Structure formats: structure tokens, C-alpha cells
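Coordinates in review
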Amino acid sequence: MKSFLSNLFSSFSKPWWVEISTAQPRCLYYFGPFSTESEAIQYQGGYIEDLEQEGAQQIDVTIKCCAEPAHLTVEYTEPSNVTPVYNN
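This text gives an overview of the structure that appears in the document. (Residues numbered from 1 in each chain as written. Predicted model: local features only at pLDDT ≥ 70, side-chain atom pairs only at ≥ 80, totals over all residues. Heavy atoms only, no water.)

A few words now on the nonpolar core. In this structure, V18, I20, C27, Y29, F34, A40, I48, L51 and A56 together form the largest nonpolar core, which totals 9 residues. Mapped by element, the contributors of at least two residues to this core are strand 1 (16–24), strand 2 (27–34) and helix 2 (37–53). Apart from residues lying up to four places away in sequence, V18 is in contact with Y29, Y30, F31, F34, A40, Q44, Y47, V61, T62 and I63. Grouped together as the second largest cluster of nonpolar side chains are 5 residues, L28, Y30, L72 and V74 included. (Core = buried A, V, L, I, M, F, W, Y, C linked by side-chain atoms within 4.5 Å. Buried < 20%, exposed > 50% of the residue type's maximum accessible area, 1.4 Å probe, protein only. Helix = DSSP H or I, 4+ residues; strand = E, 2+ residues; numbered from the N terminus. Contact = heavy atoms within 4.5 Å.)

Here the focus is the side chain of E19. As for its placement among the helices and strands, E19 is situated in strand 1. Note on E19: relative accessible area 14%, which makes it buried. Within the structure, the side chain of E19 is placed 3.2 Å from the side chain of K64, a separation counted as a polar contact. Contacts of E19, omitting those with residues within four sequence positions, involve L28, Y29, Y30, D60, V61, T62 and K64. (Polar contact = N/O pair within 3.5 Å; in protein donor to acceptor, adjacent residues only side chain to side chain.)

For the bond from Q24 to P25, the omega torsion is -5 degrees, close enough to zero to count as cis. Looking at the secondary structure, you find P25 in the loop between strand 1 and strand 2. Cis geometry marks the peptide bond from G32 to P33, where omega comes out at 0 degrees. Within the secondary structure, P33 is located in strand 2. Its identity is not glycine, yet Q58 carries a phi of approximately 50 degrees, on the positive side. Exposure remark for Q58: the relative accessible area of 64% places this residue in the exposed category.

Printed below as a string of C-alpha cells:
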């Protein structure tokens, strides 16, 4: 019974995402979806490493449980202007 309830709950729950913002370039990235918070935490290091190798600076990471973001990558070109880099 517990397994059935767990499976039912997980089918209605929102996925987990790794949200990474960088100051240089000014971007917001979403990586996922993941089934669990621990899975997102497990993979965040690889995403951080990739961004560091690309020269990103001031990297901030948040693990979130939320609906799928409208855009997985957003580039901020000016303080009030947001440019989606690509859609899902």
C-alpha cells in the first residue's frame, strides 16, 4: 500500500530543477528535470564545472521543486531586458 501511495504522489508532484545564475555572463540556467532533490544535488557539480570551464563568474546555485520553466536558458542583455536563449 505504501508503494502505491508513493507512486501516486510522485506522479502528481513537481520535478526538481538545478537553477544556476551567473554574473558574467548575466544568465539564468535550468537543468533537469529530476525526480528527487538528492538527484538534482548529485548532478549540480557537473553543471557548475561546465560553466566554470566556459568562463562563467559568480555562480549561484539553487535546487528548486517547481513546474518546468518557460525557458531553460535566459540571457540578461540589459538590467530590465531578458532574452531567452532557447525554448524547451
